[in-house]
Each structure stands twice: as structure tokens, then as C-alpha cells.
Amino acid sequence: MLPRFPCSALFAALALIGGSVRGADAGDLEFFEKKIRPLLAERCYECHSAEKKIKAGLRLDHAEGWRRGGDSGPALVPGNVEGSALIKAIRYSGLEFESMPPKSQLTREETALLEEWVRRGAPAPEGPMAGAATAAVATGAKPRQVGLTVAEGKKFWAFAPPAKSAAPAIPATAHAAVRAWPRTDLDRFIAAEWAAKGLSPARDAGRAALFRRASFDLTGLPPAPEALNAFERDPRATPEAFAAAVDAMLASPQFGERWGRRWLDVARFAESSGGGRTLLFKDAWRYRDYVVEALNRDLPFDRFIREQLAGDLLPAAAPADQRRQITATAFLALGPTNYEEQNKDALRMDIVDEQIDTLGKAFLGMTIACARCHDHKFDPIPNRDYYALAGILRSTHTLHNYTDNVAKWVEATLPADPGVEAELVAHEAKVAALEKQIKKRRASVSAPVAGKSVALTALAGIVLDDQQAKVVGAWSTSATVSPYLGSGYLTDNNADKGQRTVTFTPVIPQTGRYEVRFAYTAQPNRATNVPITILHADGESTVVVNEREAPPLDGHFISLGTFRFEQDGAGYVLVANEGTDGFVIVDALQLIATDARPEPAPVVLAGSTDGPKKAAKKTMREPADPEARKAAAELRLLEADLKKLTAAGPKRDLAMSVREATGEIGDTEIRIRGVARNLGAKVPRGFLQVAAPGGMPQFSPGESGRRELAEWIASAENPLTARVIANRAWAWLMGAGLVRTVDNFGTTGEPPSHPALLDYLARQFVADGWSLKKFVRSVVLSRTYQLAAGATAEAARLDPDNRLFSHANRRRLEAEEIRDAILTVSGQLDLAVGGPNIGGGTTSEYGYAFTDTRRSLYTPAFRNRRLELFEVFDFADINASVGQRAASVVAPQALYLMNHPFVSEQAKFAAQRTLAPADRTASARVDEAYRVALGRAPSPRARA
């Protein structure tokens, strides 16, 4: 057995590897800066930093301290999670190690982050933390910041305005084939680099290969055989015939689906929250459809940006425009969120951090979130700039509120067209009038009996008396204060605080939303802070009730809120006396359905001498008074009418969105070391100084600043935005970006291979009205795009990575293209566009059956559980903004295509389709199968 190690020993292994992983890529370094450094700061610096104390000689606040180590030996093996004592200790998993941190265990999420860090080889940045060297360690001096200052950053290529440049002339000394080769200005930029390097281009791609390439690039689908045949037979020259084919693809609804899927990667689109108790985003499909529709109608990209960041604040000419703009703001709400986080300050700042990270990568190609804890270690982004942006997003509510035990995202009501709006208003007026009648009738039915007790049978909905609740502790039954419901009420006698609870467990007859009402009798000696916890289908919520105030509903009830409950689900309402400052009273519970209303459940007999279990089988007798019976019967008829009216009437559409934080708009403080409650100086709202040549704007009074943020990002004067979008679109078409690190234009990213071409494309993109379709068309119709994939011998030798694009890059189909192609070949693909894609009865992503045959764009995008084909074939990380996916070649991919039931089933359909025409020869069937599946004829060897 290994000896127990103190905390410093468990971290001492960092001395061997901290800051020494020189091969760490930009993604690993970003992971450290964004996830690991803040975690170490919050959970480890108390004992291992110069600012606090240095136990056992170990510092963890910069890399040189890790290198020097502490008094004990190594406890971490880079790349080996299970073999690292550090991981065992933070898991609290063994007696041979002291569990760390000693005061409180790390959360599952924090443990997973450190495990992932070790798995990656424990990467950490070099220069910024090591630059101060041993002297800094000895003196406790702050290591010198070696990242660019704002002034220095303005000289960096990405922060300089795109230069205006004409297409270069090809030198006369270049090979004749190169001089005659260009067809467009884009081609001239490419060919000029070949001339300088002594390269010549590959041959042009054949018509069949070119058409198939464009079909997947522009629509995500294999070409229909008849369309491919028509293109190959087109008598026009290839450039003219191809231009017509490209225009048809750009005009098809499948263009928006293919390019919408690419943007959804960038927007980290998902239909569940992820985390422990993952929640479904059932209205997320509206954002997906917004993206597809916007790209199909070629919404100018600068407007596309503005709507996603501030659509709810922009003027709208018609209800349809307002619907679209509100839906677009789901961009800010779709991130992975732990809605169960109990530290609401941390939850709020984590959401802001995720939003900053996403918009930084998506629109600016910058890792802004690395500046949460300190000035960016590499790029000219001060810590203050991060919190200038954070002030804008903290002034925006992404959550419905920040008090519920399980939080909930904002759901906005979407405006309707005038005709539909009139119908909705009329229906709502009918509902309101009927509810008014019910309230009046209920008040008469609920009149006190003999001045003290109120009959329970006449109450609407599901009613449980205190006698039907599970009681923990010594509660007493009382009837001192009237009126009360049933036979009396329970009191804790203002004693045994924290030891007494009352739990109501209603039987839910029909899944839906219910208003939960709690009954008590008010008196001056009652508690003002009674905590009541509601377990519902979407989590837990806690409400505090002041029992000194008279119940506002019918003189008996207070509403605890409206929640969703599932039929026969595990919901409950728990009343506790912990921390209360007076007598706690529990009288009854009432649940009233607010959507599809079930019939009122029988009310259990109160005060039965048979005990709760036997009493639950009985019901109250009808009131003895004939008038009371008549009133109760009328009430039931009215409630039945309301149920029918509500179920049959039109309903307003909802969308995930954000809203202005009314009453909380303003600047925010720096969070020292990124810790939510560790406040520093307040920072005025603003943008990245290095990319804001016009300075900071005046923010509109009473607004968060999102409109101004959107204007800055979407401005033609912003040096980053047009470059980032143009480079990303180029990468999607060409297989690699001019800047290969498509989401990182900072100093740790790669510089552009063709800087003049990138600036030319960015400026042309803006000049063309930010039209994505025009941009795509210009690239696809260039001769560069239309090259064959085979490299020349000199290109293979001089430019093995094809950075100069002298031939087409071979690209494997992405996961969706593979699935859609399989369904196309089998004849099973459903081309229906848009709409919901998760069944109304689905409550969890776990156990979901992926049985649909629609395009893969519409396959539910769950965070914890993906379609197996997507997992195997490198679907984008759904928890982060991804501009370009990784592409692996691993054995499970081949095994999936050989053995998976989905593939076998679709192969049978494809075979049946091929064999169906009875008049075809075997040879003709083989030709047709190859044409449909691969867009070409079989080779002689394959035919044999």
C-alpha cells in the first residue's frame, strides 16, 4: 500500500510537467487557460500560491513553481489518469491518499476537468509563466506578462484593417501554363504564389467528379443520377455549364440545410443542456429553422450577426420579422449549462463566460474567454476588456430567474400575424371570462362551514389535506384559527427547528403544467420564511412563504408557481421548518392544471380514524346543503368547459431567447482570478480595444449594450469579422482555410498562407453586401476550386501539405453526408424541410430511439447521447463553437459500415431498389448502383 500524501505531495508531480509540454497545441493551451487555471486558483491557491501561503514549498500559481516542485515526490503521470495519485485523491477514492482538497470534495465537473487535463498530458503555457524564472519564485514577484499589449496588437496582421489590393499579375518568368491558367481574380492570387515557388497546377477535375464535389459542398447530398447525366451531356463549355448547375444548387432549399448545419457547429447548437440532469431544449428547433431559412434567402451576414446577438432589440416591420429576430437570439441561450448549479453567482458568470467564448470564436476568431482570470497570456486582450463585454451580457437575462433550485432558460412568446393574433386574443378573452366565473363560483363553494371548516370536495383540481401528507417529526393537529380546510391543520409548535417536515405526494392523472397552491392560516406569530420545495418534472424549485400575511387566493391559498408534472411521476411538495422564525402551519395543497386540464381528482377524506393509507381510498361525501351541492356541480361543469376550451383553442408559440435584465443593467466588476464572488474594480461596458478603432460607443440608456455589441461585431470597420467568415467559408469549400486555425486568429494561431487574398476576399464579401451565396459562388466558379485532387510531382515534393492549393484536397464525407448519402441511395431519405423533430412525449435524451429518416440536420442534437454514426464519424464537439471538424481514420468507422444494423437495413432497401426494374441486365444494374452510390461507372476490376 502506498503511503498517505499531503496535499502538496499530490500536486508535486506538476513540478515535473507543468509548463514543459512544448508540443501542446493551441486548443490544449486554451483548455488550460479557460478551465484548469481558474480551477487551480479557486481550489488550490489558498495553500499553494504566493498571495496566500506556500505549503510544503509548492507553488501552483505559475509554471516555474510547478517545475521546482515541493517537498514531496511526484504524484501525477501525464497522460495516465488512473495512474495518477492526484486523480485518486480528488476522487476521494482511497485511504492510501489524503483526500483533496481537504475541506470539500471537488464537484463531478471539476474532477472531470482535471482528469481531462491529465489525459491531454497536463499541458500549460510556456513563456508567460516561466518568463520571470527563478528570481520571481524566490521573491514572490509577479511573473512578467509577455503577451501583446493593445498598442503592440494593433500592428498584428489580424487587427489591421484588410488592405485594398488588386489581383497580382503573373510574372513573365512563370511557366506558360501558369500564366495562362487563371480564370478569375481569385485564381490570380493563387497562381502568383505558384509562380514564386516554381509550382504548376494539377489538371482540371472531370465533369462527374466536379459535379459530385459541388453537390456535397453546396447541398450535402450526392447528385441525382439524372442531374449528373444532364451535366455530363451539356454541350456548353464546362465553365458555363458548371455555373448554371451551381446556380441551381444555390437556389435549392438543400443549400440552407447544408450550410445551416455548418453554422450550427459554430453556434454549438444542441437540443439538450448536458450536465448531470440534462434538460431538453424542445424549442431549439426554431433556431435551427431560422438559420436554414436565413441562409436560403441569403440574409446579409452582417444582419445575420445582429439578429443573433440583439434581434429582440431591433425594430421589426412586421410580426414575422419580429418572430424571426426573437428566435435568432437563441444563439446566446443554447450553450451547455448546468441548471442545477446552486451557486447562482457562479452560474450567472459561467453562462456569461460561455457566451463570450462562443461569440469570440464564432464572429471574431478570438479566444476571449482566456482573459477571464487575468490578461490574455498571448493576445492583446486585457482582463478589463473581458469584463467590459461581461457587463453587456450580465445585463442580459439568459435564465428565467436566478433563484430556482433548478434554473430555467428564458422562453419568449412569439408574436403572431394579425389574423392569428385576433384569434388568439378572442380565445384568451373567452378563457379569462370563464376563469372569472370559476373563481367567483369557487369562492361561493368555499364558504366556511359553521364558520370554521371549509368542505374540500368543492375545490377544483387535485386537493390533499394535511392528513394525507407524510409527516416527519412531532407535528400537532390544531383547529384554533379558522377558517381552515378539512378537519384542521398542522403546526410545528415553533419547536425542533430543522427536524420536522410535511410532504405532499399528489397523484398526477395527466402530464401537464399545474399551478401549485399551498394553504395555511395566518397569524402574527407565524413564520415569515417557510421553505417549500417542489419536485417537478424539470427539477426542484424552492419557494419561501410568509405565513404572517393573509393567503391571497380565496382566503386560504398562496400560489407557489406553475410547474410541469408527469403522469404518475415522482413529484412532491415538501414543507420544512428549518431556520424558520415562528410557528409553521400546514393546512392543505391544491394543484390546478393550466393546460390540458384533467378532471378534478377525488379529495381524500380528512381526519379519518383509519389512518392515511385507508383514508386515501375514501372520498368526502357531497355537502348536505342542497344549495352547496348545486354550486359544487356547477363549478365542476365550468371547469370541464374550461378544460375543453383550453385544449381546443390556439396556443402561442414559444422560443428560446434572452431578455434585458430590467433593473440590473449596468457595468460589472472584474472577478479576481475568475471567481464569481471575488470582486475587484468595476469596468465600463465596452469591446476589445485592439479591434475598436472608433473607440467605445455611448450605450443606450436602459439597454444592456447588445445592440451596440452587434453593431461593432458586424461593422465593416471591424478588422476581424469579415476575415473570419470569409476564411471559414473558404475552408468549408477547399478543405483548409487560408488561416488554417479557423477559430483562432490570435498569436497562437497560424498566419494566413495568402494574406493578400484573404484581405481581398474579406473586402469583396463586404462590397457584395455580406452575401454568403455570392461569396460561395465566386469560390466555386474559380478554377482553383475545380482542380483535380491529384498533386503534381513537384507539388508533392515542395508543398506536401498543399498550403498553396495547387490541387484539390481529398476530403472524407462528414457524418451527416455519410448518413444522408446512405438514405439517398436506399431511397429512404425524407426531404421534408423544417419543423419539430423530437416527439411531444419525449422527456429525456436517455433511451431516445433514433428512428427518423429525415436529413441528418434534423436528427436530435443531444449533448449526452448522439446517434452512433455521428459519434464514430467525428461529429463536431457540441459543447463548443467549432469552425472546422477534426477528421480521424479509425477501425470503428469501417466496422460500423460493415456491421451496424442501420447500414444493413439500408443496404437491403438499396438492393431492392436496384433489382426492382425487371427489364435490366445484371450489367446495367451494376452500372446503375455505382452511378447512384458513387456518381461514376464501375472500374473494369470492380465490374469483374
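Note that the coordinates shown come from a computational prediction; the quantities given were computed from them, not determined experimentally.

Okay, the overall build of the protein next. Helices and strands together make up the secondary structure of the protein, namely 34 helices and 20 strands. The proportion of buried residues among the 944 residues of the protein is 54%. Summing over all exposed atoms, the protein offers an accessible surface of approximately 39600 Å²; the carbon and sulfur share of this is 54%.

Within the open sheet, the five strands sit side by side as E5-E9-E14-E11-E12. Their pairing is antiparallel. At either margin of the open sheet sits one strand with a lone partner, and together these are strand E5 (470-472) and strand E12 (539-545). With strand direction ignored, the average angle separating the axes of adjacent strands in the sheet is 15°. Inspection of the sheet shows strand E9 (residues 501-504) paired to strand E14 (residues 572-576) by four bridges, in the antiparallel sense. Its bridge partner being in E14, Phe504 is matched across the sheet by Val573.

Moving on, we get to the nonpolar core. What tends to happen in soluble globular proteins is that the nonpolar side chains get buried as a cluster. Within the largest apolar cluster, 140 residues are counted, with the highest numbers of intra-cluster contacts made by Leu218, Trp259, Trp263, Tyr287, Phe331, Phe363 and Trp730. For this core, the element with the most residues is helix H19 (residues 344-364), which contributes ten residues. Not counting residues up to four positions away in its chain, the partners in contact with Phe363 are Trp263, Ile305, Leu309, Phe331, Ile713, Leu720, Thr721 and Val724. Val481, Val530, Val573 and Ile585 belong to the second-largest nonpolar core, a separate cluster that totals 32 residues.

In strand E4 (residues 462-465), alternate side chains face the same way, and those of Ile462 and Leu464 on one face and Val463 and Asp465 on the other are all buried. Bridge count between E4 and strand E16 (residues 588-593): four bridges; the pairing is antiparallel. Its bridge partner being in E16, Ile462 is matched across the sheet by Leu591.

Tallied over the full model, the rule gives 35 aromatic pairs. With a centroid separation of 5.7 Å and 70° between ring planes, the pair formed by Phe765 and Phe775 is classed as edge-to-face. Taken together, the positions of Phe765 in helix H26 (residues 755-767) and Phe775 in helix H27 (residues 772-780) put the pair ten residues apart, joining distant regions of the chain. The same class applies to Phe765 and to Phe775, which are both buried. These aromatic residues form a ring-pair network of at least three members: Trp263, Phe269, Tyr287, Tyr290, Phe301, Phe304, Phe331, Phe363, Phe765, Trp770 and Phe775. A cation over an aromatic ring shows up here: Arg685 above the ring of Phe699, its NZ or CZ 5.1 Å from the ring centre.

Right, let's talk about the sheet that holds strand E15 (residues 585-586) for a bit. As summarised here, the arrangement of the three strands in space is E6-E8-E15, forming an open sheet in which the pairing is antiparallel. Looking at the sheet topology across the chains shown, the edges are occupied by strand E6 (476-478) and E15. Pairing analysis gives two bridges linking strand E8 (residues 489-491) to E15, with the strands arranged antiparallel. Within E15, the position partnered with Thr491 by the bridge is Ile585.

What follows is about unusual backbone geometry. Here Ser482 and Pro483 are connected by a cis peptide whose omega angle stands at 0°. Here the phi dihedral of Phe805 falls at roughly 55°; this positive angle occurs in a residue that is not glycine. Its location among the elements puts Phe805 in the loop between helix H28 (793-798) and helix H29 (815-826).

What follows is about helix H12 (residues 207-219). Taking 1.5 Å of rise per residue, the 13 residues of H12 would be expected to cover 18 Å, and the 17 Å separating its terminal C-alpha atoms lies within 8% of that figure. Those residues of H12 lying buried are Arg207, Ala208, Leu210, Phe211, Arg212, Arg213, Ala214, Ser215, Phe216, Asp217, Leu218 and Thr219. The first or second residue beyond H12 is Gly220, which carries a positive phi of 75°.

A few words now on the pattern of salt bridges. Inspection of the entire model under this criterion finds 51 salt bridges. Put simply, Glu817 and Arg258 hold a salt bridge, and the shortest N to O gap is 3.6 Å. In this pair, Glu817 is assigned in helix H29 and Arg258 in helix H15 (residues 253-266), connecting sequence segments 559 residues apart. You can call Glu817 buried: its relative accessible area is 6%. For the salt bridge of Asp653 with Arg286, the shortest nitrogen-to-oxygen distance reads 3.5 Å. Here Asp653, found in the loop between helix H23 (626-648) and strand E17 (654-656), pairs with Arg286, found in helix H16 (residues 285-296); they are 367 residues apart in sequence, far enough to count as distant.

Two packed helices can be described by the angle between their axes and the distance between those axes. Interaxial distance between H12 and helix H13 (residues 225-233) falls to 10 Å at its minimum, and their mutual angle equals 135°. As far as their axial angle goes, H13 and H12 are oblique. For H12 against H13, the interelement crossing comes out right-handed. Of the residues in H13, those touching H12 at Arg207, Ala208 and Phe211 are Ala227, Leu228, Phe231 and Glu232. For the contact of H12 with H13, a count of residues per class yields five nonpolar, no polar and two charged.

With that out of the way, let us pick up the side chain of Arg262. Secondary-structure assignment places Arg262 in helix H15. No salt bridge is formed by the buried Arg262, whose closest oppositely charged neighbour, Asp217, lies at an N-O distance of 4.0 Å. For Arg262, the side chain forms a polar contact with the main-chain oxygen of Asp217, separated by 2.9 Å. Every residue in contact with Arg262, bar those within four places of it in the chain, is listed here: Asp217 and Trp732.

Taken together, the buried positions of H27 are occupied by Leu772, Lys773, Phe775, Val776, Val779 and Val780. Viewed along the axis of H27, the buried residues span an arc of 160°, placing them on a single side of the element.

Structurally, the position occupied by Arg728 is in helix H25 (residues 721-734). The buried category is assigned to Arg728, whose relative accessible area is 1%. Side-chain polar atoms of Arg728 contact the side chain of Asp743, separated by 3.0 Å. Setting aside its immediate chain neighbours within four residues, Arg728 contacts Trp263, Val266, Lys361, Ala362, Val742, Asp743 and Gly883.

This part covers the state of the cysteines. On inspection of all chains with the given rule, the structure shows zero disulfides. The thiol of Cys370 is not disulfide-bonded; the next cysteine sulfur, from Cys373, is found 9.3 Å away. Here Cys373 falls in the buried class, since its relative accessible area comes to 12%.

Below, the discussion takes up the environment of Arg811. Here Arg811 shows up in the loop between H28 and H29. Under the relative-accessibility criterion, Arg811 is labelled partly exposed at 35%. Note: C-alpha distance between Arg811 and Gly735 (76 residues apart in sequence) is 6.7 Å. Discounting residues that sit within four places of it in the chain, Arg811 has contacts with Arg213, Asp217, Trp732, Leu733, Met734 and Gly735.

This paragraph deals with the environment of Thr792. For Thr792, the position within the fold is in the loop between H27 and H28. Through-space distance from the C-alpha of Thr792 to that of His807 is 8.1 Å; in sequence the pair is 15 residues apart. Non-local contacts of Thr792, meaning those with residues more than four positions away in its chain, are made with Ser200, Pro201 and Ala202. A polar side-chain atom of Thr792 sits 3.1 Å from the main-chain amide nitrogen of Ala795.

Take the confidence of the model for the protein next. Taken over all residues, the pLDDT of the protein has a mean of 85, while the share at 70 or more is 85%. Low pLDDT, under 50, characterises residues 126-145; the predicted model gives this stretch 38 contacts beyond four residues in sequence or across chains. Note on residues 596-624: pLDDT under 50 across the span, and 59 contacts to partners over four residues away in sequence or across chains.

Let us look at the packing of H16 against helix H18 (residues 319-328). Contact pair H16 / H18: the axes reach a minimum separation of 9 Å and the direction vectors enclose 115°. Between H16 and H18, the angle is such that the two are roughly perpendicular. Read as a crossing pair, H16 and H18 show a hand that is left-handed. Residue-level inspection shows Arg286, Tyr287, Tyr290 and Glu293 of H16 in contact with H18, the latter providing Arg323, Arg324, Thr327 and Ala328. Classifying every residue of the contact of H16 with H18 by side-chain character gives three nonpolar, one polar and four charged.

Analysis parameters
- Residues numbered from 1 in each chain as written.
- Predicted model: local features only at pLDDT ≥ 70, side-chain atom pairs only at ≥ 80, totals over all residues.
- Heavy atoms only, no water.
- Helix = DSSP H or I, 4+ residues; strand = E, 2+ residues; numbered from the N terminus.
- Buried < 20%, exposed > 50% of the residue type's maximum accessible area, 1.4 Å probe, protein only.
- Areas by Shrake-Rupley, 256 points an atom, 1.4 Å probe, with all protein chains shown as cover.
- Pairing = 2+ DSSP bridges.
- Axes fitted to C-alpha atoms, helices over the stretch in contact; angles between N-to-C directions.
- Core = buried A, V, L, I, M, F, W, Y, C linked by side-chain atoms within 4.5 Å.
- Contact = heavy atoms within 4.5 Å.
- Phe/Tyr/Trp six-rings, centres within 6.5 Å; stacked < 30°, edge-to-face > 60°.
- Lys NZ or Arg CZ within 6 Å of the ring centre and 35° of its normal.
- Expected span 1.5 Å × (residues − 1).
- Salt bridge = Lys/Arg side-chain N within 4 Å of Asp/Glu carboxyl O.
- Parallel < 35°, antiparallel > 145°, perpendicular 65-115°, else oblique.
- Left-handed = near helix turned anticlockwise from the far one by under 90°.
- Nonpolar A, V, L, I, M, F, W, Y, C, P; charged D, E, K, R; others polar.
- Lys, Arg positive; Asp, Glu negative; His and termini not counted.
- Polar contact = N/O pair within 3.5 Å; in protein donor to acceptor, adjacent residues only side chain to side chain.
- Arc of directions from axis to C-beta.
- Disulfide = S-S within 2.5 Å.
- pLDDT = per-residue confidence, 0-100.

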